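Each chain, letter by letter, is given below.
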Amino acid sequence: MDFAFTPEQEQLRQEVRDFIAENVTDSVRAEVEDAMDEGHGEEYMKLRAKIAERGWIGISFPKEYGGQDGSRIDQYIVEEELARVGVNVGLSGSGGPAILAAGTEEQKQYFIPRLIRGEVTFALGFTEPQAGADLAGLQTRAVRDGDDYIINGQKMYTSSAHYATHIYMMARTDPDAPKHKGISIFLFPMDTPGVTVRPLWTIQNDPPAPMGTTYGMGRTNETFFEDVRVPASSMLGEENMGWYVGAMGLNLDRVGASRYLISVRRDEDIVNWVKENEFDGHSPSEDPEVRDRIAEMWIEAQVCRLMTLRSMSIVEHGGNFTYEGSAEKVWAPEHGVRTTEGISQILGPYAQLLNGSIGAVEDGVFAHNLMGSFQSGINHGSVQVMRDQVARRGLGMPRG
Amino acid sequence: MDVLLTDEEEMLKNSAREFLEAECSPELAREMERDDLGYPPQLWKQMATLGWVGMALPERYGGQGLSLTYLGLVMEEVGRHIVPVPLHSTMTAALTINADGTDEQRQETLPKVCSGDMVLTWAFSEADPRYRAESVKMEARRDGDGYILNGTKMFVDNFNASEKCLVVCRSTHGSQGTDGISLFLVDTSSPGISHELLTTLAKDKQSQVVFENVRVPSSAMIGEEGSAWPIVEAMLDRGTALLCTQMTGAARKDAEMAIDYSKNRLAFGRPVASFQSIQHICADMIMWVDGGQLLTYEALWRMDQGLPASVEVSQAKAFCNEKCEAVVRSSQIIHGGIGFMMEFNLHLWFRRVTAWTLRLGTTFEHRARVARALLDQPGKMRLGRSMYQTASR
Ligand SMILES: Cc1cc2nc3c(=O)[nH]c(=O)nc-3n(C[C@H](O)[C@H](O)[C@H](O)COP(=O)(O)OP(=O)(O)OC[C@H]3O[C@@H](n4cnc5c(N)ncnc54)[C@H](O)[C@@H]3O)c2cc1C
């Protein structure tokens, strides 16, 4: 075991920090903040291009598709720094890992470099009104018609669908097969005729949450597919194998610096806040119960960090995690909830004040977190389903 | 950055596991609960011969000169098999003698420790059980070329079996806090020492030790008179980190026993392992042990690098205290009534892990230490970056 980053990695971290200090100006920050729910503005895209130029996006992706063939730990470092300023460079949730694993040569050559350059972003179309945690129950249909497929159905909570260039979606291609065995994945442009997007507003929309809030999303969508015709070449992986491709991709997407950071950033915020602030001369940092709680949270945050590094270490060794990714996906979101609720009891009534209010603490980030932190325990594999996976895949316990 | 074990680390752990699996049955642990000495000398000697007792002690004293991490991996297995040997108390003392003792003190103890011919222990706690300097009231009064010790130590591990004991005293009359603390290497057979075994739920060998005008020579002092606190603190930190390895080792085994049991136990016509509520407890148990283990490894690794590690040690112990207890308690619950029965072995782990959560610092104490590091020093904290200096007990 070795808990240190190499000198080169420390240097890489410093370079990223210097880059941020120089390039992430207040106006960029303001734009990132404003545009969070509306796609990305011009300044952001310029910044992103500069980051890509440095080779910092998709570091662990293969060189031939625009990556760096680099280490997952390097990627973790860059991701950890840039996620703090609202730039996602790990390409988690991007569809990239699944495309690399299951895509045709053509798909890889088309999508991966564009994902890295930020020219393509996918909306993820998994969930349906009647299929959430039980995703394999999805009903959207794709029917073969010559060289094409015709897609009909509805997706729920297709976040970013209103500005994404493409959709990465699952549809049923064999209604007669057992439910996991009749699903395929399709990748196609959002502007394909027959696709309509309608907004769904979340409880974090008014006022919009400050950057870095968990969950922080003001808008998601429902997306309708009406006789949407896509070429057969837009299928990812083999026909009817979509469940396995999708599950593998989701699993890979579950780990990494941004996933862990989203749940532990408040720990850092509250420590620094109580050290520097007081309520009318009294700082909560002097209260023994507050100190105990803060230490408890901090220790849990270390567990989240180490579980993330464990998944990274496994990938770095060329291995595949069995239960470790799921464990990480239970620990970080549940910790995020515990810490958010703990903080609210430290701030008392101030914890309810949203941005814009008199007396709001840290621009309302703690208050927004109270509304949204639990959400990261539902999305991308709910903590209940993740615990099932730890028990079944990790511990060999039988299905009920 | 690689939090996984290397091949050599894995090999060491496996060989310790194989040996202990064969040599230490739960019956042995049970038997030693009723034994006067509390450990089987022959097994202790065998473990010394295999090099495990001298694992982290220098080669010139017959040790292997390997890292604390290696010793920790062995102790994880010792915890897993609840091996009734005085390894923890001996190591806690021996590593301190090695780090801070004089050449004569090392010569006098370490070769015998490595060969399995000397058991050691250490005595810190008194009536006030908190692991902080204020709790030390025991007096060491200068007298000619030696010192006279007076006071009562509590919870001294394996004192009955130890030849020597590191004793933490206050050598400056009326001194406060960390000032005036001295450390002595005392023969347990010295005139004026008496001890009585405590009756503990783990049925282990802890004693109350009374020192009445016990004379020790100046050469028994470790470190400088009145300024041994940093030595004592380092001793407690090493002991704490090593105890965490035993706790996670034992808790993991305990969790595995619950998982196995649930797969075979039928209720409502199906294995209880197939109930989601049972599965989720088991998933939690494994994640708790994993978390404690990762925190412990980071602490040991930092010590081996010579980096400050007091915060990491306290992180590990605070977490292990709560979560390892939760593991063994959950395992009892999954076993239903049978785990509560004396004839069933599960309680051997339950009672030991429970006892270990109470040794070398409570959850509150360790969190208080983390809180001091987080809140009482200037500067912004950032996850993933270490934060020193003010983190003292
Ligand atoms: C803001 C937001 C953004 C999202 N973004 C996307 C996106 O971009 N793309 C996308 O496809 N989806 C997205 N989702 C959907 C998200 O993944 C689903 O909400 C999630 O899968 C849960 O599905 P559900 O809401 O239908 O809950 P349900 O599946 O109805 O679950 C209800 C409850 O039952 C529990 N449960 C279900 N099955 C079990 C079981 N076997 N054992 C124990 N408990 C169980 C769940 O954990 C949950 O607590 C988003 C959701 C939100 C709120």
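Residues numbered from 1 in each chain as written. Chains lettered and ligands numbered in written order. Predicted model: local features only at pLDDT ≥ 70, side-chain atom pairs only at ≥ 80, totals over all residues. Heavy atoms only, no water.

## Observations concerning the interface of chain A and chain B
Here is the rule we go by: Contacts are assigned to residue pairs with any non-hydrogen atoms lying within 4.5 Å of each other. Buried area: the sum, over both parts, of the accessible surface (1.4 Å probe) that disappears when the two are put together. Salt bridges are defined by distance alone: a side-chain nitrogen of Lys or Arg within 4 Å of a carboxyl oxygen of Asp or Glu. Secondary structure elements follow DSSP: runs of H or I no shorter than four residues count as helices, runs of E no shorter than two count as strands, and numbering proceeds from the N terminus.
The interface of chain A with chain B comprises 54 residues on the first partner and 57 residues on the second. When chain A packs against chain B, the two sides together hide about 5200 Å² of surface, and 64% of this comes from carbon and sulfur. When the buried surface of chain A facing chain B is broken down by residue, A:Met1, A:Phe3 and A:Trp298 rank first, second and third, together holding 17% of it. If you look at where chain A meets chain B, you find eight salt bridges. A salt bridge links A:Arg387 to B:Asp284; the nearest nitrogen and oxygen atoms lie 2.8 Å apart. Every element with two or more residues in the side of chain A that touches chain B is listed here: helix H1 (7-23), helix H4 (72-83), helix H8 (257-276), helix H9 (288-316), helix H10 (324-347) and helix H12 (383-394) of chain A.

## Some words on the packing of H8(A) against H9(A)
Residues and elements named next belong to chain A. As a reminder of what qualifies: Where helices are involved, their axes are fitted lines through C-alpha atoms of the stretch in contact, as for all axes, and angles between N-to-C directions lie from 0 to 180°. An angle below 35 degrees is read as roughly parallel, one above 145 as roughly antiparallel, one from 65 to 115 as roughly perpendicular, and any other as oblique. Left-handed describes a crossing whose near helix is turned anticlockwise from the far helix by less than a right angle; the clockwise case is right-handed. When residues are grouped by polarity, Ala, Val, Leu, Ile, Met, Phe, Trp, Tyr, Cys and Pro land in nonpolar, Asp, Glu, Lys and Arg in charged, and all others, Gly among them, in polar.
At a minimum axis distance of 10 Å, the contact between H8 and H9 shows a crossing angle of 155°. In terms of orientation, H8 lies roughly antiparallel with respect to H9. Seen along the crossing, H8 lies across H9 with a hand that is left-handed. Across the interface between the two elements, Ala257, Tyr260, Val264, Asp267, Glu268, Val271 and Val274 from H8 touch Ile294, Met297, Trp298, Ala301, Cys304, Arg305 and Thr308 from H9. Looking at the contact of H8 with H9 residue by residue, the class counts come to 10 nonpolar, one polar and three charged.

## Description of the environment of B:Ser218
Residues and elements named next belong to chain B. Where we set the bar: Each residue gets one of three labels from its accessible area relative to the maximum for its type: buried under 20%, exposed over 50%, partly exposed in between, using a 1.4 Å probe on protein chains only. Two N or O atoms form a polar contact when they lie within 3.5 Å of each other; inside protein one atom must be a possible hydrogen donor and the other a possible acceptor, and for residues adjacent in sequence the pair counts only when both atoms belong to side chains.
With respect to the helices, strands and loops of the structure, Ser218 is situated in the loop between strand E7 (206-217) and strand E8 (221-222). For Ser218, a relative accessible area of 29% corresponds to the partly exposed category. It is 10.0 Å that separates the C-alpha atoms of Ser218 and Leu185, two residues lying 33 residues apart in sequence. Dropping the residues within four chain positions of it, Ser218 is found in contact with Arg142, Asp145, Gly146 and Tyr147. One polar contact links the side chain of Ser218 to the main-chain carbonyl oxygen of Asp145, over a distance of 2.5 Å.

## Details of the site of the ligand
The line we're drawing: Whether a residue is near a molecule or strand depends on its heavy atoms: if one lies within 4 Å, it is near. The protein chains shown are the only cover counted for residues, whose accessible areas, like all others here, come from Shrake-Rupley with a 1.4 Å probe. These domain boundaries are the output of an automatic or database domain assignment.
For the ligand, the set of nearby residues contains 16 residues, the closest of which are A:Leu124, A:Thr127, A:Tyr157, A:Gln384 and B:Gln276. Residues close to the ligand are split across chains A and B. With respect to the ligand, the backbone of A:Leu124 contributes an N or O atom lying 2.7 Å from a nitrogen atom. Within the side chain of A:Gln384, one N or O atom sits 2.7 Å away from an oxygen atom of the ligand. Isolated, the ligand exposes 970 Å² of accessible area, and the fraction of that covered by the protein chains is 65%. Looking at side-chain class alone, the shell around the ligand contains six nonpolar, nine polar and one charged residues. Taken together, domain 2 (122-239) and domain 3 (254-394) of chain A each give at least three residues to the shell around the ligand, which thus spans both.

## Focus: the domain arrangement of chain B
All names here are of chain B. Split into domains, chain B comes out as domain 1 (7-118), domain 2 (122-226) and domain 3 (230-383). The C-alpha-based centres of domain 1 and domain 3 are spaced at 21 Å. Each side of the interface is counted separately: domain 1 has 24 residues, and domain 3 has 31 residues. Overall, the association of domain 1 and domain 3 removes approximately 2400 Å² of surface from exposure, summing both partners, and the carbon and sulfur fraction of that is 58%. At the junction of domain 1 with domain 3, the criterion picks out three salt bridges. The salt bridge partner of Arg80 is Glu256, with a shortest N-O separation of 2.6 Å. Linking domain 1 with domain 3 are 14 residue pairs in polar contact (both at pLDDT 80 or more).

## So, the environment of B:Gly38
All names here are of chain B. Structurally, the position occupied by Gly38 is in the loop between helix H2 (26-33) and helix H3 (41-49). Among the residues examined, Gly38 registers a relative accessible area of 16% and is labelled buried. Between the C-alpha atoms of Gly38 and Asp157, which are 119 residues apart in sequence, the distance is 11 Å. Ignoring any residue separated from it by four or fewer positions in sequence, one finds Gly38 in contact with Met32, Pro84 and Lys205.

## What to know about the packing of aromatic side chains
What counts is decided by this rule: For Phe, Tyr and Trp, where Trp contributes only its six-membered ring, two rings pair if their centres lie within 6.5 Å, and the inter-plane angle classes them as stacked under 30 degrees, edge-to-face over 60, or tilted in between. The criterion is that NZ of a Lys, or CZ of an Arg, lies within 6 Å of the ring centre and within 35 degrees of the ring normal, and then a charge sits over that ring.
Tallied over the entire structure, the rule returns 20 aromatic pairs over all chains. Here A:Phe3 and B:Trp301 contribute two aromatic rings whose centre-to-centre distance is 5.9 Å and whose plane-to-plane angle is 55°, an arrangement assigned as tilted. Of this pair, A:Phe3 sits in the segment before H1 while B:Trp301 sits in helix H8 (residues 276-304), which puts the two residues in different chains. In this structure an aromatic cluster arises from ring pairing among A:Tyr110, A:Phe111, A:Phe122, A:Phe126 and A:Tyr168. Against the face of A:Tyr110 rests A:Arg114, its NZ or CZ located 4.0 Å from the ring centre. Across from the ring centre of B:Phe124, 6.0 Å away, lies the NZ or CZ of B:Lys153, which sits over that ring.

## Quick look at the domain arrangement of chain A
Residue and element names in this part refer to chain A. Each domain of chain A was delimited in the assignment, giving domain 1 (7-90), domain 2 (122-239) and domain 3 (254-394). Taking the mean C-alpha position of each, domain 1 and domain 2 sit 27 Å from one another. Interface of domain 1 and domain 2: buried area, both sides summed, is about 780 Å²; carbon and sulfur atoms make up 55% of it. Counting the contacts that link domain 1 with domain 2 gives zero residue pairs in polar contact (both at pLDDT 80 or more). The class makeup of the residues in the side of domain 1 that touches domain 2 is three nonpolar, two polar and four charged.

## Details of unusual backbone geometry
The omega angle of the peptide bond from A:Asp206 to A:Pro207 is -5°, so this bond is cis rather than trans. Relative to the helices and strands, A:Pro207 is located in the loop between strand E6 (195-201) and strand E7 (219-231).

## Details of the side chain of A:Glu324
All names here are of chain A. The criterion, for reference: Counted as positive: Lys and Arg. Counted as negative: Asp and Glu, with His and the chain ends omitted from the count.
Summarising the element assignment, Glu324 is placed in helix H10. Buried charge without a salt bridge: Glu324, with Arg310 as the nearest opposite-charge side chain at an N-O distance of 5.2 Å. Within polar-contact distance, the side chain of Glu324 engages the backbone nitrogen of Thr322 at 3.0 Å. When near neighbours in sequence (up to four residues on either side) are disregarded, Glu324 contacts Arg310, Ser311 and Ile314.

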